[in-house]
Amino acid sequence: YGNLLRKRGISIPKTSPECAYEPYWKSWGFGLDFTLEKIYGILPELMDMGIKVANLDDGWFDYYGDWGVNRDLGKFPNGDQDMIKFVENLHQSGFKTNLWWYPLGVSAASELAKVHADYLIMDREGNYPKDQRGLFQLCPAYPPALKHIEKLVKRFISDWKYDGLYSDTRGLSAVPPCFNPAHKHKVPLESFQEVPRTFEIIKNTLSHHNKEALHEVCICAVPHSPYNMPYYDIANASDPVNLLQTRRRIKVEKA
């Protein structure tokens, strides 16, 4: 099956960079209530265990879509400068660090949704459909929306100096048909058909700003699409809900 897809131009890599196999810890161990002090406090234990990658997970941002930093006490009260300092501290302690996000998700309360609703997927009735997280989604077939994703990756990697990205949630597996008139789609299903472009733009932007940057993708118990897989280094198998699902999923992904 894999060979057939590759013959059709779906060039799924057969190997990943060596650093993709390194064990890592992520702040989800502390949940959304993490603090920087909790993360700093666990670094010596991780180093003793031989783990040299400590990732920042969910809870670090203000709104999906804007991806400004969470200014709560204990997190990043001084904004971007605290985020930059956090990454510097991890690097100086001998750790790499990757950043969690959901590239397509947009909160209704975000500045992006208020100012650039033209970036969003719209249904036939003129509403903005929501995914399982209750979020709007950027349209992968609309170039300005992809440009927004590109700028975010540049911020994370070039400005904040993260070593890679961890893209997450089931909304990355598919999006609804889009009827947004600003997009001038030939057919509404272009939004769904162009989902792989999301991963391609992330890969290209990562490579441009840091050739060693890794991209890991989690679809939360849903199998990875082979059309997306050419564009990331780690297709993880997180959050299986039962043995049958695990077996079927492993067979699909091994194929």
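Residues numbered from 1 in each chain as written. Predicted model: local features only at pLDDT ≥ 70, side-chain atom pairs only at ≥ 80, totals over all residues. Heavy atoms only, no water.

A.B. asks: I'm lost on the packing of helix 2 (residues 36-48) against helix 3 (residues 80-92) in this one. Help?
C.D. replies: Between two packed helices, both the angle of their axes relative to each other and the distance between the axes serve to describe the pair. Orientation of helix 2 relative to helix 3, taken along the N-to-C sense of each, is 5°, at an axis distance of 11 Å. It follows from the interaxial angle that helix 2 and helix 3 lie roughly parallel. On the side of helix 2, the interface is formed by Leu36, Ile39, Tyr40 and Leu43, while helix 3 contributes Phe86, Asn89 and Leu90. (Axes fitted to C-alpha atoms, helices over the stretch in contact; angles between N-to-C directions. Helix = DSSP H or I, 4+ residues; strand = E, 2+ residues; numbered from the N terminus. Parallel < 35°, antiparallel > 145°, perpendicular 65-115°, else oblique. Contact = heavy atoms within 4.5 Å.)

A.B. asks: I tried to follow unusual backbone geometry on my own but got confused; where do I start?
C.D. replies: Phi is mostly negative for residues that are not glycine, and the peptide bonds are mostly trans. The backbone of Trp67 sits at a positive phi, close to 60°, despite the residue not being glycine. On the basis of relative accessibility, which here comes to 0%, the residue Trp67 falls in the buried class. Even without a glycine there, the phi angle at Lys161 is positive, about 75°. Of note, Lys161 is situated in the loop between helix 5 (143-159) and strand 6 (164-168). (Buried < 20%, exposed > 50% of the residue type's maximum accessible area, 1.4 Å probe, protein only.)

A.B. asks: Explain helix 2 to me, please; I cannot follow it from the model alone.
C.D. replies: One turn of an α-helix holds 3.6 residues; hence residues three or four places apart share an orientation. Of all the bends in helix 2, the greatest reaches close to 30° and is centred on Ile42; the proline Pro44 follows between one and four positions later. Structurally, helix 2 contributes buried residues whose contacts are with strand 1 (25-26), strand 2 (54-55) and helix 3. The positive-phi residue at the C-terminal boundary of helix 2 is Gly50, with phi of around 85°. (Bend = angle between axes of the 7 residues up to and from the residue.)

A.B. asks: Sorry if this is basic, but what is going on with the packing of aromatic side chains here?
C.D. replies: Each aromatic ring pair is described using two quantities: the centre-to-centre distance and the angle formed by the ring planes. In the structure shown here, the tally under the stated rule is 19 aromatic pairs. With 6.0 Å between their ring centres and 40° between their planes, Tyr40 and Phe86 make a pair best called tilted. Of this pair, Tyr40 sits in helix 2 while Phe86 is found in helix 3, placing the two residues 46 residues apart along the sequence. Judged by its relative accessible area of 1%, Phe86 falls in the buried class. Between Tyr64 and Trp67 the ring centres are 5.5 Å apart and the planes differ by 80°, which places this aromatic pair in the edge-to-face class. Of the two residues, Tyr64 and Trp67, both sit in the buried class. Joined through ring pairs, the aromatic side chains of Trp60, Phe61, Tyr64, Trp67, Trp100, Trp101, Tyr102, Phe156 and Trp160 make up one cluster. Between Lys75 and the ring centre of Phe34, over which it is positioned, the NZ or CZ distance is 4.6 Å. (Phe/Tyr/Trp six-rings, centres within 6.5 Å; stacked < 30°, edge-to-face > 60°. Lys NZ or Arg CZ within 6 Å of the ring centre and 35° of its normal.)

A.B. asks: Just to check I follow, could you spell out the side chain of His224 for this structure?
C.D. replies: Relative to the helices and strands, His224 is located in the loop between strand 7 (214-218) and strand 8 (234-235). A polar contact is formed between the side chain of His224 and the side chain of Tyr232, at a distance of 2.8 Å. (Polar contact = N/O pair within 3.5 Å; in protein donor to acceptor, adjacent residues only side chain to side chain.)

A.B. asks: Would you mind going over a nonpolar patch on the surface with me for this structure?
C.D. replies: Taken together, the side chains of Val187, Leu189 and Phe192 present a nonpolar region at the surface, about 250 Å² in accessible area. Structurally, Val187 can be placed in the loop between strand 6 and helix 6 (190-193). For Val187, a relative accessible area of 40% corresponds to the partly exposed category. (Patch = residues over 30% accessible without salt bridge, like charges linked within 9 Å, V, L, I, M, F, W, Y side chains within 5 Å. Areas by Shrake-Rupley, 256 points an atom, 1.4 Å probe, with all protein chains shown as cover. Salt bridge = Lys/Arg side-chain N within 4 Å of Asp/Glu carboxyl O.)

A.B. asks: For this particular structure, what's the right way to read the packing of helix 5 against helix 7 (residues 195-209)?
C.D. replies: Where helix 5 contacts helix 7, the two axes come as close as 9 Å, and the packing angle between them is 35°. Like other packed secondary-structure pairs, helix 5 and helix 7 cross with a definite hand, here right-handed. Residues Leu146, Ile149, Glu150, Val153, Lys154, Ile157 and Ser158 of helix 5 touch helix 7, and the partners they reach there are Arg197, Thr198, Ile201, Ile202, Thr205, Leu206 and His209. Split by residue class, the contact of helix 5 with helix 7 holds 7 nonpolar, 4 polar and 3 charged. (Left-handed = near helix turned anticlockwise from the far one by under 90°. Nonpolar A, V, L, I, M, F, W, Y, C, P; charged D, E, K, R; others polar.)

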